[in-house]
Amino acid sequence: LEARPAIGVYVRDSISNQPIASGATVILADGAFVDSTVVPAGDPAWDAYPVTTQRTYERAGRYEVTVRRAGYSDWTRADVVVQRDECHVRTVTLTARLQPVATLD
């Protein structure tokens, strides 16, 4: 009666540590399998929650996790292993601390 995500990613600004999931894209890849989620921009209600993708619920594997957001450098973590237990996957929770891109004024 319950499905658990393989990976959940909190998205934060690396300098202020403020949550910035709003407007971010999270991509989970395991070999040829790729799934992604785009968090609606301008909706800070998403900021407090870990971002996951629809098709990775209950899917064990070895993932590469990428987070993209305008104004920030891409954040990537390779070899994130999600294991299965008796009933579900063991959700891996990550925090992506995005580095702001320097702008020329």
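Refer to the structure presented above.
Owing to the predicted nature of the structure, the values given are computational and were not obtained by experimental measurement.

A.B. asks: Help me understand the overall build of the protein, please; the structure alone is not making it clear to me.
C.D. replies: When its secondary structure is counted, the protein shows zero helices and six strands. Listed N to C, the secondary structure of the protein is β-β-β-β-β-β in terms of helices and strands. Relative to the 2.2 N^0.38 estimate, which gives 13 Å for 105 residues, the radius of gyration of the protein is 14 Å and therefore close to what a compact globule would have. Summarising its shape, the C-alpha atoms of the protein cover approximately 55 × 25 × 20 Å along the three principal directions.

A.B. asks: Please explain the environment of Ala21 as it appears in this structure.
C.D. replies: Tracing the backbone through its elements, the reader meets Ala21 in the loop between strand 1 (7-13) and strand 2 (25-30). The class of Ala21 is buried, set by a relative accessible area of 0%. Contacts of Ala21, omitting those with residues within four sequence positions, involve Val11, Val39, Trp46, Asp47 and Val51.

A.B. asks: I keep staring at the packing of aromatic side chains and nothing clicks. Help me out?
C.D. replies: What characterises a pair of aromatic rings is the spacing of the ring centres plus the angle enclosed by the ring planes. Enumeration over the complete set of coordinates arrives at zero aromatic pairs. A cation over an aromatic ring shows up here: Arg59 above the ring of Phe33, its NZ or CZ 3.8 Å from the ring centre.

A.B. asks: Even after reading the chapter, I still don't get the sheet that holds strand 2, so can you show me in this structure?
C.D. replies: What holds strands together in a sheet is hydrogen bonding between their backbones, with the strands either parallel or antiparallel. Within the open sheet, the four strands sit side by side as 3-2-4-5. Their pairing is antiparallel. Each edge of the open sheet carries a strand with a single partner, namely strand 3 (33-38) and strand 5 (75-82). When strand polarity is set aside, the average angle formed by the axes of neighbouring strands in this sheet is 20 degrees. With six bridges joining them, strand 2 and strand 3 adopt antiparallel strand pairing. Bridge pairing in strand 3 links Ile27 to Ser36.

Parameters at a glance
Residues numbered from 1 in each chain as written. Predicted model: local features only at pLDDT ≥ 70, side-chain atom pairs only at ≥ 80, totals over all residues. Heavy atoms only, no water. Helix = DSSP H or I, 4+ residues; strand = E, 2+ residues; numbered from the N terminus. Rg over C-alpha atoms; globule rule 2.2 N^0.38 Å. Buried < 20%, exposed > 50% of the residue type's maximum accessible area, 1.4 Å probe, protein only. Contact = heavy atoms within 4.5 Å. Phe/Tyr/Trp six-rings, centres within 6.5 Å; stacked < 30°, edge-to-face > 60°. Lys NZ or Arg CZ within 6 Å of the ring centre and 35° of its normal. Pairing = 2+ DSSP bridges. Axes fitted to C-alpha atoms, helices over the stretch in contact; angles between N-to-C directions.

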